[in-house]
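# Remarks on the overall topology
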Amino acid sequence: MTMQQSITLGVEGMSCASCVGRVEKALKAVPGVSDARANLAAETATVDYAAPASTPPASSAPARPARPGSASSGTTRPDPAPLIAALAGAGYPARVAEAVFDIQGMSCASCVGRVEKALKALPGVTDARVNLAAETATVDFLEGAVSRGEIAAAAVAAGYPATVKGAAMAEGVDRKAEEAAALRRRVLLAAALTLPVFVLEMGSHLIPPVHMWVMNTLGMRVSWVIQFVLTTLVLAGPGRRFFTQGFRALAKGAPDMNSLVALGASAAWIYSTFVLIAPGWLPASARAVYFEAAAVIVTLILVGRWMEARAKGRTGEAIRRLVGLQPRTARVERDGETVELPIDRIAAGDIVSVRPGERIAVDGTVISGSTFVDESMITGEPVPVEKGEGAEVVAGTVNRTGTLRFRATRVGAETMLAQIIRLVEQAQGAKLPIQGLVDKVTLRFVPAVIAVALLTVAVWLIWGPDLAHALVAGVSVLIIACPCAMGLATPTSIMVGSGRAAEMGVLFRKGDALQKLQEVKVVALDKTGTLTAGRPELTDLIPADGFDRAEVLRLAAAAEANSEHPVAEAIRRAFGTGPLPEAEEFQSLTGYGLSARVEGHRVLIGADRLMVREGVALGDLAERGAALGVRGRTPLYMAVDGRAAAVIAVSDPLKPDTPAAIAALHDMGLKVAMITGDNRATAAAIARETGIDEVVAEVLPAGKVEAIAALRTRFGPVAFVGDGINDAPALAQADVGLAIGTGTDVAIESADVVLMSGSLRGVVNALDISRRTMRNIRQNLFWAFGYNALLIPVAAGVLYPVNGMMLSPMLAAGAMALSSVFVLTNALRLRFVRPVMAEGTAARAVPAE
């Protein structure tokens, strides 16, 4: 038996959209791979892989259900070895990282062997070196294939507790910052070598005094020799990677962006070197050198790469902020005393103490203390939530006021914060349907550009003034057409948009939902727990003449004290926490209500049919009860000693922001429908109160699926919002399913988008961020494709016959670098998107397009 799993690997060497296509093609060719998605912005590849299911050991303990986003406990992790080999063969090696762990409990060489064996057995670990004297293990592993936490867990399972050594080795290491720093050093070196070349050549052309100085002091040939030496150093030093990767890709018949740079710069260098060595072989008009073009091309593209690395680093800020929310240590009660432990040493069942101002380390249940907890990092809601005994607390949230003791229930990769990070990473690595067109174009783009460049050279050799003119045109075409911007256009927007959405409490579990959500025409809502609070509340208590309201409520609460019915709970909550008299002779009357004796009084509470059966005349209360029913409330009647005492109305109240959220959805040009199993009168009353357009009531779960199909036929794509187990089929049937995060795991697992706040504000914000992200992607693609469509002909020289204009290779290199920077900068604007419907504010959403 096999099961589908996913594995994400860091990939080195991807520089443009054509690289992405080749990485995906190589991975998809591996047996067992069903799909592969490379992400240029994140420099990763996510592979869907068929892995054998392992048989879990027999146990008397019940099976533990898998948490959302986690791998099933009955499967084994895919072996990444064939994937690594495929990447290496394609010229894009998997990225290897190193981590150092403190290992406890080692006492001899056999311990060292056992630890090394346990670590090396992990798929994704390429090497492990254990030092007994230092009590450390240095592990080389493939980024994405295995995490530092899993490596530590393998050592713990072998009997040797392990923790990551030093903050620098934590999961949040900023690799992009390191890469940007390395590129900065290469840029500075290249610029220092290129500046004299540029001054000697271009200064001589543009500034007569410089030309006179060069001729009178150095002479033309010495100037050319200096330019040759310095340019060669630029190409062989800071620019070496362009040539090693570019020509290797060219030799494999799969040219990429590096190939274009290598061909362009090499052509300029080779031609200039030939002019320097053998000028007599060329006509006088063609004896010009272009060393400065080769050097400036490499330097400018390095500048572009440096700026890209800095910008790419900012695209992953949401993940780094989420990772940074978890504290590294916590105070845990062990053996009768409180000790501070690393969080990877905390086990489920441990008692954890949290002081005011501290972050909560793991998920758990409060056993003592009370406080207010800031859960904005989970829900996006700014108002702290009160926590007391029995309340759930979540890792990464901030304890604001009191001291808490709680029992850890979920630790490590099982915490809600870890699941959120995992969901965001999955969404950021997704490939949207719109990317399919980009992939088809860019996979053939580089070969087409090389063909256009060769054709340009051939045309100008036949009809142009000289060889140098043809060379300049061909090199300009090669440089201007680098498809970096095309490859970055979609993934950078996805990374920034989905990360910002997570910060607002909107988690895209499935990447394509980011695109599908902005296409919906109707939003269908479940009622209970989605539109409403999910539990009945006492809304009205109207006493009959001669009865006191407070006394009636006290008697009703006492009579309902022994009932488990939700209506009974609503009445008891309305009464409060005061003392209640003992109810005697309690009797539940199925289908009617209840009967009890309180302080000698016979109390009846139930529907009007109970009063009819018992011969109680309702009088004016009957009309008042009927009026309450029309307003969507459930009327109950109360009698004391045979006399009608009150009409009591119970309702599941709307969440406070429900009307505003529905109004905001209307403002976005959407139809709003309600699909519920509740009775038609209640549903119709809620629809009138909130302005809902369509109502489908009294339906079973299967009926919700049919209702969604009918709405899709009438209006178009449908988004469904729900929270319960009975909503799972509808969430799966809808074009986009949105689960209220306070709902059940089954509903969340069936959804495409999870709204952590439990509020319909999350629906409005999800739609808005989807529209903004897709608009951003379309802007990027328009710029990337339009830029190439416009400037390739200019670089080829189509304007030369008209006005004598030629685009120099240096300007082409600068323009190419700026196009990528523009795309990245535009995507980064999504970091500053604000929730359009924050608590207590009106919505200002992006309109439908």
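Residues numbered from 1 in each chain as written. Predicted model: local features only at pLDDT ≥ 70, side-chain atom pairs only at ≥ 80, totals over all residues. Heavy atoms only, no water.

Next up on the list: the overall build of the chain. Each helix and strand counted, the chain has 31 helices and 29 strands in total. With 849 residues in all, the chain has 52% of them scored as buried. The contacts of the chain with a sequence gap of at least 6 include a subset with a gap of at least 24, amounting to 69%. Per element, the accessible surface of the chain, about 36100 Å² overall, is 59% carbon and sulfur. (Helix = DSSP H or I, 4+ residues; strand = E, 2+ residues; numbered from the N terminus. Buried < 20%, exposed > 50% of the residue type's maximum accessible area, 1.4 Å probe, protein only. Contact = heavy atoms within 4.5 Å. Areas by Shrake-Rupley, 256 points an atom, 1.4 Å probe, with all protein chains shown as cover.)

Strand β6 (residues 136–142) sits mainly inside the fold: seven of its seven residues count as buried. The two faces of β6 match: Thr136, Thr138, Asp140 and Leu142 on one face and Ala137, Val139 and Phe141 on the other face are all buried. Pairing of strand β4 (residues 96–103) with β6, which is carried by seven bridges, proceeds in the antiparallel orientation. Along β6, the bridge assignment pairs Val96 with Leu142. (Pairing = 2+ DSSP bridges.)

Right, let's talk about helix α21 (residues 566–575) for a bit. For α21, the complete set of buried residues consists of Val567, Ala568, Ala570 and Ile571. Down the axis of α21, the buried side of the element spans an arc of 160°, and every buried residue falls inside it. Against β19 (537–543), α20 (549–559), β23 (634–640) and β24 (643–651) lie the buried residues of α21. Immediately downstream of α21, the backbone of Gly576 shows phi near 105°, a positive value. (Arc of directions from axis to C-beta.)

Here we take up α20. Inspection of α20 places Val552, Leu553, Leu555, Ala556, Ala557, Ala558 and Ala559 among the buried residues, and these make up the whole buried set. Regarding α20, its N-cap is Asp548, as a side-chain oxygen of that residue lies 3.2 Å from the backbone nitrogen of Ala550 further along. (Polar contact = N/O pair within 3.5 Å; in protein donor to acceptor, adjacent residues only side chain to side chain.)

One non-glycine residue, Glu599, lies in positive phi territory at about 50°. You can see Glu599 is positioned in the loop between β21 (593–598) and β22 (601–606). The exposure class assigned to Glu599 is partly exposed, which follows from its relative accessible area of 46%.

It is worth spelling out the environment of Tyr637 at this point. Structurally, Tyr637 is set in strand β23. On the basis of relative accessible area, Tyr637 is assigned to the buried category, the value being 5%. Along the sequence, Tyr637 and Ile648 sit eleven residues apart, while their C-alpha atoms lie 5.9 Å from each other.

Mapped onto the elements, Thr138 comes out in strand β6. Thr138 gets classed as buried once you look at its relative accessible area, which sits at 17%.

Right, let's talk about the packing of helix α7 (residues 220–236) against helix α9 (residues 257–277) for a bit. Running from N to C, α7 and α9 cross one another at 150°; their axes reach a closest spacing of 11 Å. Put simply, α7 runs roughly antiparallel to α9. Read as a crossing pair, α7 and α9 show a hand that is left-handed. Each of Arg221, Trp224, Val225, Phe228, Thr231, Thr232 and Leu235 in α7 lies in contact with α9, whose residues at this interface are Ala265, Trp269, Thr273, Val275 and Leu276. The residue makeup of the contact of α7 with α9, split by class, is eight nonpolar, three polar and one charged. (Axes fitted to C-alpha atoms, helices over the stretch in contact; angles between N-to-C directions. Parallel < 35°, antiparallel > 145°, perpendicular 65-115°, else oblique. Left-handed = near helix turned anticlockwise from the far one by under 90°. Nonpolar A, V, L, I, M, F, W, Y, C, P; charged D, E, K, R; others polar.)

Read from one edge to the other, the open sheet built from six strands follows the order β19-β24-β23-β22-β21-β20, with strand pairing classed as antiparallel. Each having just a single partner strand, β19 and β20 (583–589) make up the two edges of the open sheet. Going across the sheet, the axis of each strand differs from the next one's by a mean of 20°, ignoring polarity. Two elements, β23 and β24, share seven bridges in a ladder whose sense is antiparallel.

This model, assessed by the stated rule, comprises 27 salt bridges. In this structure, Glu537 and Arg573 form a salt bridge, with 3.5 Å as the shortest nitrogen-oxygen distance. In this pair, Glu537 sits in strand β19 while Arg573 sits in helix α21, placing the two residues 36 residues apart along the sequence. The salt bridge partner of Arg602 is Glu614, with a shortest N-O separation of 3.6 Å. Note that Arg602 is positioned in strand β22 and Glu614 in the loop between α22 (608–613) and α23 (620–630), a separation of twelve residues in sequence. Given a relative accessible area of 34%, Arg602 falls into the partly exposed group. (Salt bridge = Lys/Arg side-chain N within 4 Å of Asp/Glu carboxyl O.)

Before going further, it helps to examine the UniProt feature "transmembrane region" (unreviewed entry) in the chain. Residues annotated by UniProt as "transmembrane region" (unreviewed entry) correspond here to residues 187–207, 219–239, 260–282, 288–307, 441–463, 469–490, 781–800 and 806–828. As annotated, residues 219–239 comprises 81% helix and 0% strand, and the C-alpha atoms at either end are separated by 28 Å. Its end C-alpha atoms 33 Å apart, residues 288–307 is made of 85% helix and 0% strand. (UniProt positions renumbered as here; feature names shortened; annotations may be inferred.)

Note that Thr273 resides in helix α9. A residue is classified by how much of its surface remains accessible, and Thr273, at 10% relative accessible area, is buried. Not counting residues within four places of it along the chain, the set of residues in contact with Thr273 comprises Phe228 and Phe291.

Inspection of every chain in the model, using the stated rule, returns five aromatic pairs. Look at Trp460 and Tyr800: their rings are 5.5 Å apart centre to centre, the planes differ by 90°, and that puts the pair in the edge-to-face class. With Trp460 in helix α15 (residues 445–463) and Tyr800 in helix α30 (residues 800–803), this residue pair connects regions lying 340 residues apart in the sequence. Residue classification places Trp460 among the buried positions, given a relative accessible area of 10%. Under the relative-accessibility criterion, Tyr800 is labelled partly exposed at 29%. Ring geometry for Trp783 versus Phe822: centroids 4.4 Å apart, planes at 35°, classification tilted. Remark: Phe822 occurs in helix α31 (residues 809–828) and Trp783 occurs in helix α29 (residues 761–796); sequence separation between them is 39 residues. Note on Phe822: relative accessible area 37%, which makes it partly exposed. What links up through ring pairs into an aromatic cluster is the set Phe228, Trp269 and Phe291. A cation over a ring is seen here: Arg609 above Tyr592, with NZ or CZ 6.0 Å from the ring centre. (Phe/Tyr/Trp six-rings, centres within 6.5 Å; stacked < 30°, edge-to-face > 60°. Lys NZ or Arg CZ within 6 Å of the ring centre and 35° of its normal.)

Bringing a nonpolar patch on the surface into the picture now. Where nonpolar side chains cluster on the molecular surface, the patch consists of Leu455, Val459, Leu461, Ile462, Trp463 and Leu467 and spans about 640 Å² of accessible area. Of the residues forming the nonpolar patch, the biggest block, five residues, is contributed by α15. Topologically, Leu455 is positioned in helix α15. The exposed category is assigned to Leu455, whose relative accessible area is 56%. (Patch = residues over 30% accessible without salt bridge, like charges linked within 9 Å, V, L, I, M, F, W, Y side chains within 5 Å.)

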